[in-house]
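Structural overview for review
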Amino acid sequence: MRLFIAIRFEKSILDPLIKLQDDLRKTGVKGNYTKHENLHLTLAFIGEYKDPGEVLDVMEQIEFTPFELELDGVGSFGDIFWAGISDNPSLTSYVKRLRHELAENGIPFDKKKFSPHITLIRKAFYKDHKMIPVSDPPKGRMTVTGISLMKSERGKNGMIYTEL
Ligand code: 2AM
């Protein structure tokens, strides 16, 4: 089973992200737009793993206190276009403890540095321009009250993410 650990969003964050996607589509930005129900912030990518119960047990051991999450700007990694979030020590501290506990318990995960981003478009391109045009970056905030273990499967119409 392909697994990752993520924050799922409330309307206050989803709506501005969806509005930006709609605006970019209208402007003529092409690419593989993340479906609304798939928008999330990944904290750790585990990949193929046999036992999600074991991962949930580890997650339950980690102290968690609700914290605020706020959108902040947009950016790109190559042709991946994303929305960013404000500097967030509570999130950074949680991710550090999460990854430490995964490692301690022998659960594999992608060790790339944590660069919080919300992927909005893959293979994004806009005519012959280098930059994706954004005049009004999305704004929104929410209180994160829980962290989700997600399963990822390839469906007939793209990826299907299910919370476990
Ligand atoms: P991305 O949006 O930057 O591609 C499900 O694939 C989620 O896990 C996505 O948010 C994806 O990030 C993230 N992820 C992190 N590392 C990954 C990896 N090595 N392979 C696939 N997805 C990864």
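As a reminder, the structure under discussion sits directly above these lines.
This section reports on the structure supplied with the text.

1. So, the pattern of salt bridges
- In the structure shown here, the tally under the stated rule is eight salt bridges.
- One salt bridge connects Glu-163 with Arg-8, and the closest N-O pair in it is separated by 3.1 Å. Taken together, the residues Glu-163 in strand 9 (residues 158-163) and Arg-8 in strand 1 (residues 2-8) connect sequence positions 155 residues apart.
- Judged by relative accessible area, which is 33%, Arg-8 ranks as partly exposed.
- Glu-68 is the partner of Arg-141 in a salt bridge, and the nearest nitrogen-oxygen pair spans 3.3 Å. One end of the pair, Arg-141, is in strand 7 (residues 141-144); the other, Glu-68, is in strand 4 (residues 67-77), with 73 residues separating them in the sequence.
- For Glu-68, a relative accessible area of 36% translates into the label partly exposed.
- It is possible to trace a salt-bridge network through shared partners that takes in Glu-68, Glu-70 and Arg-141.

2. Quick word on the packing of helix 2 (residues 52-61) against helix 3 (residues 89-104)
- At a minimum axis separation of 10 Å, helix 2 and helix 3 run at an interaxial angle of 135°. One way to sum up the angle between helix 2 and helix 3 is to call them oblique. Here helix 2 and helix 3 pass one another in a crossing that is right-handed. Across the interface between the two elements, Val-55, Val-58, Met-59 and Gln-61 of helix 2 pack against Leu-98, Glu-101 and Leu-102 of helix 3.
- Tallied by class, the residues present in the contact of helix 2 with helix 3 amount to five nonpolar, one polar and one charged.

3. Observations concerning the site of the ligand
- Contacts to the ligand come from Arg-2, Phe-4, His-40, Thr-42, Phe-45, Asp-110, His-117, Thr-119, Arg-122 and Tyr-161.
- Contact distances for the ligand include 2.7 Å between an oxygen atom and a side-chain N or O atom of His-40.
- At 2.7 Å, a side-chain N or O of Thr-42 approaches an oxygen atom of the ligand.
- The protein chains hide 73% of the 470 Å² of surface that the ligand would expose on its own.
- Within the residue set of the shell around the ligand, elements represented by two or more residues are strand 1, strand 3 (40-48) and strand 6 (118-125).
- Per-element accounting of the shell around the ligand gives the leading share, three residues, to strand 3.
- The class makeup of the residues in the shell around the ligand is three nonpolar, four polar and three charged.

Criteria and cut-off values
- Residues numbered from 1 in each chain as written.
- Predicted model: local features only at pLDDT ≥ 70, side-chain atom pairs only at ≥ 80, totals over all residues.
- Heavy atoms only, no water.
- Salt bridge = Lys/Arg side-chain N within 4 Å of Asp/Glu carboxyl O.
- Helix = DSSP H or I, 4+ residues; strand = E, 2+ residues; numbered from the N terminus.
- Buried < 20%, exposed > 50% of the residue type's maximum accessible area, 1.4 Å probe, protein only.
- Axes fitted to C-alpha atoms, helices over the stretch in contact; angles between N-to-C directions.
- Parallel < 35°, antiparallel > 145°, perpendicular 65-115°, else oblique.
- Left-handed = near helix turned anticlockwise from the far one by under 90°.
- Contact = heavy atoms within 4.5 Å.
- Nonpolar A, V, L, I, M, F, W, Y, C, P; charged D, E, K, R; others polar.
- Near = heavy atom within 4 Å.
- Polar contact = N/O pair within 3.5 Å; in protein donor to acceptor, adjacent residues only side chain to side chain.
- Areas by Shrake-Rupley, 256 points an atom, 1.4 Å probe, with all protein chains shown as cover.

Geometric values such as these leave the question of function open.
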